[in-house]
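The primary structure of each chain is shown beneath.
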Amino acid sequence: MSRRRRRNDWIPGAVITIIVIMLSVVFMGLLAMTKMIPTIYMLIIGIVLAVIAAIIWLLVWHTRYTGRFIGGTVLAVIMIAILAFGGFYINKTRSAISNISGETTEVTQMAVYVKSDDAADSVEATAGYTYGILSSLDRENTDGAVAHLNSEFGTEVQTKEYAGLTELADGILNGEVNAMLLNSGYLSVYEDMDGYTDFSTKIKEVGTVDVESTIQSAEESTPIEPITTANGGKVYTIYLSGIDTRGEMTAKSRSDVNIIATVNTDTHEILLVSTPRDYFVPLSISGGAPDKLTHAGIYGIDVCMDTLGMLYDIDINYYFRINFGGFVKVIDALGGITVNSDYDFDSKNILGYHFNKGENYVNGEQALIFARERYAFQEGDRQRGKNQMEVIRGVVKKALSPEILTSYSSILSSLDGCFGTNITYEEIAQILQQQLTNGGDWTIVSYSVNGTGATEKPYSMSQKAYVMVPDYNTVDKAKSLMEKVRNGEVVTQEEADAPVSGSTSTDSTSTETVTEPGTVASETQAATDTTAADGTTTEGTADTTTQQ
């Protein structure tokens, strides 16, 4: 009987070793599926796991050596826990990146609005109503929503067309129509229009009709491919869009953040170029009519990319969309970030926050306020763009630091609903693999184009409003900086900060200059206005319309 036991006392050790080997194989398979780990690292990890499995077998192969068997079993349990724990996080990483990558569709939320005192409380309750619609703006989405309502109600809905937003608003408020069918992105446009800043309080949304579309660039036949450098690296030109904190990630809305990132993985350099939201430029769908850049987002992120591509004479096929409301979670998960402020200021958007000139260590909420504040600055939105780039710089630096390992799980959990991109999972994995292979810090340089304030009628609005006429000298400098980064040349922050020769945006003698509403500059201008003998005031009184 004892001989039989001795003949079989290798079985427990064999079972333990087989379990470790099987889990090691599964772990290596999961690791390979991420496509993020360089081949040399995969080889090293595989050898280490094989050696540990061999050591475990040598320790547990015979139960009669009790001390060795117990030691080997403990080592096996530790290895099983590590492999299971590691496998869980590998799978979580793959899932998190997959969820934010490869976006191909976008949703236009066509909202049904009625007067705030209307009894209707759903789209179904508006059956039989006459709907006011725009005659030309965003007509494709309007027609799609009308077709949906026709199908839902089983009859053709009655519509009345209006030439512009003000006419449409007047139509529903005056009772010419019972309801209004409008891209929800336009509702925030009313906030910038004289006489309609409180329009949203006079109506209510009773439901939405979602119109889904495929995101495509102007050159639909052009495959999305980064530029390959002579040394085998890649150059990515990425549109970074900061959407409003309301709504879903894939919903079209005005973009308050418009940054082009030129990323050269060869030189480890990132150039961030910010374009003010009020830049007065032709949209890719406006037939040459200029509009505020922020309105491009109403028509889709592809319109934003194509419009900026026209401005800077570049192809932008990639985008990275950031929900700044969700961004708070990421920064908190990182444990906060360091941002450098050009000024000592108190926030005006949300009172009670102070930022010092120089370095500030901020949490998620503070970073969001820092990135959104513009009223406290003479330069308004131009300074806000610089601060937004500073927040991005802070996040990148913190994400590349060893500290990220202590909060890895919470960071992965915070990504969902915060980011969206059409960059494929494979491209993201390749970038991470290259970073693991080459290592090294990244240089981040920021630059903001400039312009002159004016009052013009944008394509998407029915009346004149504050816009920023581009200073093309600064646009040309941005083009030059982008080209240098693409060509692998080193660009420094000092070079980006250097004054632009011939710039018109700093010409203080211009009598056409209009200050940005709500900013310190507009308050200063209003304070300097003088009252004439007949009681009238001189020109230049600031428009204090609130803009978000």
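A. Structural context of a nonpolar patch on the surface. Residues Ile40, Tyr41, Leu43, Ile44, Ile47, Val48, Val51, Ile55 and Leu436 make up a contiguous nonpolar surface patch of about 780 Å² in total accessible area. Relative to the helices and strands, Val48 resides in helix H3 (residues 39-60). Residue classification places Val48 among the partly exposed residues on the basis of a relative accessible area of 43%.

B. Layout of the pairing of strand E18 (residues 443-448). Counted residue by residue, E18 has 5 buried out of 6 residues, so it is predominantly covered. In this structure, strand E9 (residues 269-274) lies alongside E18, joined through 6 bridges in parallel fashion. Within E18, the position partnered with Glu269 by the bridge is Thr443.

C. View of the environment of Gly132. The topology assignment puts Gly132 in strand E2 (residues 130-134). With 40 residues separating them in the primary sequence, Gly132 and Ile172 have C-alpha atoms 7.1 Å apart.

D. Highlighting the layout of surface pockets. Approximately 2200 Å³ is the volume attributed to the largest pocket. Considering the residues around the largest pocket, the lining is formed by 50 residues, among which Ala399, Leu400, Ile404, Ile428 and Leu432 are closest to the centre. When residues in the lining of the largest pocket are grouped by element, the largest group, 7 residues, is from helix H4 (residues 66-100). Counted by class, the lining of the largest pocket contains 40 nonpolar, 8 polar and 2 charged residues.

E. A look at the pattern of salt bridges. Counted under the stated rule, the structure contains 15 salt bridges. The partner of Asp192 in a salt bridge is Lys292, and the shortest N-O contact between them spans 3.9 Å. Of this pair, Asp192 sits in the loop between strand E4 (179-183) and helix H7 (199-202) while Lys292 sits in strand E11 (residues 290-292); the two residues are 100 residues apart in sequence, bridging distant segments of the chain. Here the two residues Asp192 and Lys292 agree in accessibility, since each one is buried.

F. Examining helix H10 (residues 364-372) more closely. Every buried residue of H10 is accounted for by Gly364, Ala367, Leu368, Ile369, Phe370 and Ala371. Of the residues flanking the start of H10, the one acting as N-cap is Asn363, its side-chain oxygen 3.2 Å from the backbone nitrogen of Glu365.

G. Focus on the packing of H4 against helix H12 (residues 408-415). Running from N to C, H4 and H12 point in directions that differ by 30°, and their axes come no closer than 9 Å. Our classification of the angle between H4 and H12 gives roughly parallel. For the crossing formed where H4 meets H12, the hand is left-handed. Facing H4, whose interface residues are Tyr89, Lys92, Thr93, Ala96 and Ile100, H12 presents Tyr408, Ser409, Leu412, Ser413 and Leu415.

H. Quick peek at the environment of Glu269. With respect to the secondary-structure elements, Glu269 resides in strand E9. Sequence separation of Glu269 and Asp441 is 172 residues, and the distance between their C-alpha atoms is 9.0 Å. If we skip the residues at most four places from it in the chain, Glu269 touches Thr262, Val263, Asn264, Trp442, Thr443, Val445, Val485, Glu489, Val490 and Val491.

I. Fine view of the sheet that holds E4. Ordered by their spatial adjacency, 5 strands build an open sheet running E3-E2-E4-E1-E5, and the pairing between neighbours is mixed. The two strands at the open ends of the sheet, each matched to only one other strand, are strand E3 (158-162) and strand E5 (203-214). Geometrically, the sheet is characterised by an average inter-axis angle of 25° between neighbouring strands, direction not taken into account. Lying over the sheet, helix H5 (residues 139-153) contacts strand E1 (105-115), E2, E3, E4 and E5, oriented at roughly 110° with respect to E5. Along the sheet face, helix H6 (residues 165-173) touches E1, E2, E3, E4 and E5 and points at about 150° away from the line of E4.

J. Up close: the packing of helix H2 (residues 11-34) against H3. Axis separation between H2 and H3 bottoms out at 9 Å; the angle between their running directions is 170°. In terms of axis orientation, H2 runs roughly antiparallel to H3. On H3, the residues touching Gly13, Ala14, Ile16, Thr17, Val20, Ile21, Ser24, Phe27, Met28, Leu31 and Ala32 of H2 are Met42, Ile45, Gly46, Leu49, Ala53, Ile56, Trp57 and Val60. Here the residues of the contact of H2 with H3 sort into 15 nonpolar, 4 polar and no charged.

K. Structural detail: H3. The terminal C-alpha atoms of H3, which comprises 22 residues, lie 32 Å apart, in line with the 32 Å expected from a rise of 1.5 Å per residue. Taken as a whole, H3 has its buried residues at Met42, Leu49, Ala53, Ile56 and Val60. Buried residues in H3, looked at end-on, bunch into an arc of 60°, giving them a common side. The inward-facing, buried residues of H3 contact H2 and H4.

L. Fine view of the nonpolar core. Of all hydrophobic cores here, the largest spans 55 residues; its most connected members are Leu182, Tyr186, Tyr190 and Tyr312. Breaking this core down by element, the ones donating at least two residues are E1, H6, E4, E9, helix H8 (301-312), E18, strand E20 (465-470) and helix H14 (472-486). Setting aside chain neighbours within four positions, we find Tyr186 in contact with Leu134, Leu137, Asp138, Leu165, Ile298, Tyr299 and Ser460. Membership of the second largest hydrophobic core comes to 28 residues, among which are Ala96, Val339, Phe370 and Val391.

M. Just the confidence of the model for the chain, in detail. Looking at the chain, pLDDT values average 85 and 88% of them are 70 or higher. Confidence, read as mean pLDDT per element, is least for helix H1 (residues 2-8) in the chain (56) and greatest for strand E10 (residues 280-282) (97). This stretch, residues 506-511, has a pLDDT under 50; its non-local contacts, to residues over four places away or in other chains, come to 0 contacts. In this model residues 530-548 is a low-confidence stretch, pLDDT under 50, and it forms 38 contacts with partners more than four residues away in sequence or in other chains.

N. Focus on the packing of aromatic side chains. Under the defined criterion, the tally for this structure stands at 14 aromatic pairs. Here the aromatic rings of Phe345 and Phe377 are separated by 4.7 Å at their centres, their planes lie at 70°, and the arrangement is edge-to-face. Residue Phe345 is found in strand E14 (residues 345-346), and its partner Phe377 is found in the loop between H10 and helix H11 (381-399); the two are separated by 32 residues along the sequence. Among the aromatic residues, those joined into a cluster by ring pairs are Tyr343, Phe345, Phe355, Phe370 and Phe377. In this arrangement the basic side chain of Arg68 is found over the ring face of Tyr65, its NZ or CZ atom lying 4.6 Å from the centre.

Rules used in this analysis
Residues numbered from 1 in each chain as written. Predicted model: local features only at pLDDT ≥ 70, side-chain atom pairs only at ≥ 80, totals over all residues. Heavy atoms only, no water. Patch = residues over 30% accessible without salt bridge, like charges linked within 9 Å, V, L, I, M, F, W, Y side chains within 5 Å. Areas by Shrake-Rupley, 256 points an atom, 1.4 Å probe, with all protein chains shown as cover. Salt bridge = Lys/Arg side-chain N within 4 Å of Asp/Glu carboxyl O. Helix = DSSP H or I, 4+ residues; strand = E, 2+ residues; numbered from the N terminus. Buried < 20%, exposed > 50% of the residue type's maximum accessible area, 1.4 Å probe, protein only. Pairing = 2+ DSSP bridges. 1 Å grid on protein atoms, 1.4 Å probe; cavity = no way out; pocket = protein on both sides within 12 Å on 5 of 7 lines; lining within 4 Å. Points joined across faces, edges and corners; volume = space filled by probe spheres on them. Nonpolar A, V, L, I, M, F, W, Y, C, P; charged D, E, K, R; others polar. Polar contact = N/O pair within 3.5 Å; in protein donor to acceptor, adjacent residues only side chain to side chain. Axes fitted to C-alpha atoms, helices over the stretch in contact; angles between N-to-C directions. Parallel < 35°, antiparallel > 145°, perpendicular 65-115°, else oblique. Left-handed = near helix turned anticlockwise from the far one by under 90°. Contact = heavy atoms within 4.5 Å. Expected span 1.5 Å × (residues − 1). Arc of directions from axis to C-beta. Core = buried A, V, L, I, M, F, W, Y, C linked by side-chain atoms within 4.5 Å. pLDDT = per-residue confidence, 0-100. Phe/Tyr/Trp six-rings, centres within 6.5 Å; stacked < 30°, edge-to-face > 60°. Lys NZ or Arg CZ within 6 Å of the ring centre and 35° of its normal.

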